[in-house]
Amino acid sequence: MVTGERGRDVDVIGRVHSTESFGTVDGPGTRFVVFCQGCPMRCQYCHNPDTWEFARADGSGPGTSVSVGELLNRYERNRPFYKRGGITVTGGEPMAQPDFVAALFRAAHNAPAGRIHTCLDTSAATFTKEHAKRFSDLLDETDMVLLDIKTSDSKLHETLCGMPAHHALELGDELARRNIPTLVRHVIVPGLTDSEEECANVGRIIGDWDNVVGLDFLPYHTLGKSKYEKLGIAYPLDGVKPMSAARAKELRKVALLARARRRAERQN
């Protein structure tokens, strides 16, 4: 049973959609993955629309209220399998619950059986540089970030996601300032984010961040379409075909070349 020295942390309650015991694509190694409930973005290619809605003020609605201690107990049951992994919190949008995730990460770092590596998977939808202090405790306890860059085009970003683009860019700047290892993710959607100009611009953006340790170009797929049907939501990209993995790799090379050129410019 996890108790730890900071009893306050293990008692903190968050709203969680679900957990995954053996995640292999959400950070290094095998990981315990926590999916937070609630996200203000409405990305047209989102494959987790069931995590969008926030719980109501009275605690009713989607998701389940779970304590930090309960989540760590689930982790500890399988700790031997996480030797090279840790805990990843994703969503939904985990930065919509910064105090909860901060408490979970802090408790993970102070776990009685040994420090647990923490990873934040975010689109930064709730982050702004003006309110950076609101997220300071969370970022203090974050070992790695998986940051989504939806598109380099600010106008397209609002169409594609229903929100401005500056949130992710401002968080990227803050992560670079803190030198937190960051893996950037970019979904390649045919006809939307698959032009060479778009991908080169993504490369130039991350060329300003020396803390970026990786770049994933994720081919668009339709595996989440059935969730929209079950929820009675029209699928925004109906008719758009999945992106070729081979083409996504080619576009990643375009981005990496642009990143290298941007880094060279900064050094001159």
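Heads up: the structure comes first, above all this text.
Right, let's walk through the structure included here. (Residues numbered from 1 in each chain as written. Predicted model: local features only at pLDDT ≥ 70, side-chain atom pairs only at ≥ 80, totals over all residues. Heavy atoms only, no water.)

Inspection of every chain in the model, using the stated rule, returns 21 salt bridges. A salt bridge links Asp121 to Arg185; the nearest nitrogen and oxygen atoms lie 3.3 Å apart. A residue pair is termed long-range when its members are at least 10 positions apart, and Asp121 in strand β5 (residues 117–122) and Arg185 in strand β7 (residues 182–188) qualify at 64 residues. A single burial state applies to Asp121 and to Arg185, both of which are buried. Where Glu196 meets Arg247, a salt bridge forms, and the shortest distance between an N and an O atom there is 3.7 Å. Linking Glu196 in helix α7 (residues 196–206) with Arg247 in helix α9 (residues 245–267), this pair joins segments that are 51 residues apart in sequence. Taking relative accessible area as the criterion, Arg247 reaches 30% and is therefore assigned partly exposed. Each of Asp208, Asp210, Arg262, Arg263, Glu265 and Arg266 takes part in one network of salt bridges that share partners. (Salt bridge = Lys/Arg side-chain N within 4 Å of Asp/Glu carboxyl O. Helix = DSSP H or I, 4+ residues; strand = E, 2+ residues; numbered from the N terminus. Buried < 20%, exposed > 50% of the residue type's maximum accessible area, 1.4 Å probe, protein only.)

By size, the foremost hydrophobic cluster in this structure holds 68 residues, and its most contacted members are Ile87, Leu104 and Leu147. For this core, the leading source of residues is helix α3 (residues 98–109), giving eight residues. With residues up to four places along the chain from it excluded, the contact list for Ile87 reads Arg31, Phe32, Leu72, Tyr75, Leu104, Phe105, Ala108, Ile116, His117, Thr118 and Cys119. (Core = buried A, V, L, I, M, F, W, Y, C linked by side-chain atoms within 4.5 Å. Contact = heavy atoms within 4.5 Å.)

Looking now at the packing of aromatic side chains. Applying the stated criterion to the full structure yields six aromatic pairs. Aromatic pair Phe22 and Tyr82: ring centres 6.1 Å apart, planes at 35°, arrangement tilted. Taken as a pair, Phe22 in strand β1 (residues 13–23) and Tyr82 in the loop between α2 (68–77) and β4 (86–90) lie far apart in primary sequence, 60 residues in all. Residue classification places Phe22 among the partly exposed positions, given a relative accessible area of 41%. (Phe/Tyr/Trp six-rings, centres within 6.5 Å; stacked < 30°, edge-to-face > 60°.)

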